[in-house]
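Each chain, written out:
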Amino acid sequence: MISPNGIKSILFDLDGTLRHHVPSGGEVFTEYVVGLGIPIGEEARRRAARWEHFYFANSLEIQSDTKKYGNDERGFWVNFGRRRLRAMGCSPAQAEALAPQASAHMRESYKPEVWIPPELRALLPSWKDAGFVLGVVSNRDEPYAHVLEEMGLDAHFEFSLAGGEVNSFKPDPGIFLEALKRAGTSAYETMYVGDNYFADVVGSLRAGLRPVLYDPNGLFPDAACSVIRSFEQLPKLLS
């Protein structure tokens with residue numbers, strides 16, 4: 001199918017877009033720190049959330065940390081906690097002191113549930129039935145078809161692509177160019193929907209796709225692209 005605005009394919013990010021952890025790690029981390037007596041205002045919370053998006057958009061920082069800590073998973077997450085505390089406005093001394101215990105709390109107590117936006121259950125099959133090519137593109141290291149199967153969404157997608165399969169991670173355009181090959185559509189004919197401005201919007205723009213930022217919490221009010229707060233708003237962008 002070709003929509004009135006020329007879209008033939010709709011590609012989605014996985015984590016944070018199709019698949020959510022509830023409560024989020026950022027929320028639990030922040031509330032733990034507040035419980036220790038550290039005041040964290042609303043703007044500091046939002047700033048830390050935006051920083052987290054930036055960090056996990058294959059930033060130079062995460063590349064450096066991954067190389068530095070290697071198989072030392074605990075060391076990586078303590079360092080991540082230290083970085084996040086600084087993004088929240090803590091002093092270097094506070095971040096150094098609190099990061100180990102905050103990381104231990106997350107490791108021992110954080111048991112989120114997987115949540116899928118309920119409107120997707122109806123929208124995905126309707127888009128597939130209408131003839132759109134649907135795919136999933138993620139910065140995961142390994143293929144994740146089993147995850148889509150566990151979510152009960154696998155039947156709706158023509159393909160799923162992990163960055164590790166092609167050694168290209170968003171916002172690098174290479175992963176998007178490979179996705180276009182698999183979708184069989186041009187960049188102009190392809191919409192990409194993701195929650196991470198730095199990875200999903202910046203990367204898909206670099207590759208020439210049409211980005212849509214899924215931003216349910218309004219973290220990026222100045223995003224230079226189409227923005228939706230709910231997937232129920234997406235059909236309007238296809239008309």
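What comes next is a walk through the structure. (Residues numbered from 1 in each chain as written. Predicted model: local features only at pLDDT ≥ 70, side-chain atom pairs only at ≥ 80, totals over all residues. Heavy atoms only, no water.)

1. Let's talk about helix α9 (residues 173-183)
And then number 1: Within the span of α9, buried status applies to Ile175, Phe176, Ala179, Leu180 and Ala183. Within α9, the buried residues cover an arc of 145° as seen down the axis, which keeps them to one side.
And then number 2: Summarising the contacts, the buried residues of α9 are in contact with β1 (9-12), β4 (133-138), β5 (159-162), α8 (163-166), β6 (190-194) and α10 (197-206).
And then number 3: Just past α9, the residue Gly184 takes up positive phi, approximately 75°. (Buried < 20%, exposed > 50% of the residue type's maximum accessible area, 1.4 Å probe, protein only. Helix = DSSP H or I, 4+ residues; strand = E, 2+ residues; numbered from the N terminus. Arc of directions from axis to C-beta. Contact = heavy atoms within 4.5 Å.)

2. With respect to the side chain of Asp200
And then number 1: One can find Asp200 in helix α10.
And then number 2: Here Asp200 falls in the buried class, since its relative accessible area comes to 2%.
And then number 3: For Asp200, the side chain forms a polar contact with the side chain of Tyr192, separated by 3.4 Å.
And then number 4: In contact with Asp200, not counting residues within four places along its chain, are Asp13, Lys170, Phe176, Tyr192, Gly194 and Asp195. (Polar contact = N/O pair within 3.5 Å; in protein donor to acceptor, adjacent residues only side chain to side chain.)

3. Focus on the pairing of β1
And then number 1: Burial along β1 is two-sided: the face carrying Ser9 and Leu11 and the face carrying Ile10 and Phe12 are both buried.
And then number 2: Sheet topology places β1 next to β4; four bridges connect them, and they run parallel. The residue of β4 that forms the bridge with Phe12 is Val136. (Pairing = 2+ DSSP bridges.)

4. Digging into the packing of aromatic side chains
And then number 1: Under the counting rule described, the total for this entry stands at 18 aromatic pairs.
And then number 2: Ring geometry for Tyr55 against Phe76: centres 6.5 Å apart, planes inclined by 40°, an arrangement best described as tilted. On the criterion of sequence distance, the pair formed by Tyr55 in helix α2 (residues 42-55) and Phe76 in helix α4 (residues 73-87) is long-range, its members being 21 residues apart.
And then number 3: By relative accessible area, Phe76 is classed as buried at 12%.
And then number 4: Aromatic pair Trp77 and Phe80: ring centres 5.2 Å apart, planes at 75°, arrangement edge-to-face. (Phe/Tyr/Trp six-rings, centres within 6.5 Å; stacked < 30°, edge-to-face > 60°.)

5. Describing the pattern of salt bridges
And then number 1: Applying the stated rule across the entire model yields twelve salt bridges.
And then number 2: Put simply, Asp13 and Lys170 hold a salt bridge, and the shortest N to O gap is 2.9 Å. Of this pair, Asp13 sits in the loop between β1 and β2 (20-22) while Lys170 sits in the loop between α8 and α9; the two residues are 157 residues apart in sequence, bridging distant segments of the chain. Each member of the pair Asp13 and Lys170 is classed as buried.
And then number 3: Arg84 is paired through a salt bridge with Glu52; the nearest N and O atoms lie 2.7 Å apart. Separated by 32 residues along the polypeptide, Arg84 in helix α4 and Glu52 in helix α2 bring together distant segments of the chain.
And then number 4: On the basis of relative accessible area, Arg84 is assigned to the buried category, the value being 3%.
And then number 5: One network of salt bridges, in which partners are shared, links Asp13, Lys170 and Asp200. (Salt bridge = Lys/Arg side-chain N within 4 Å of Asp/Glu carboxyl O.)

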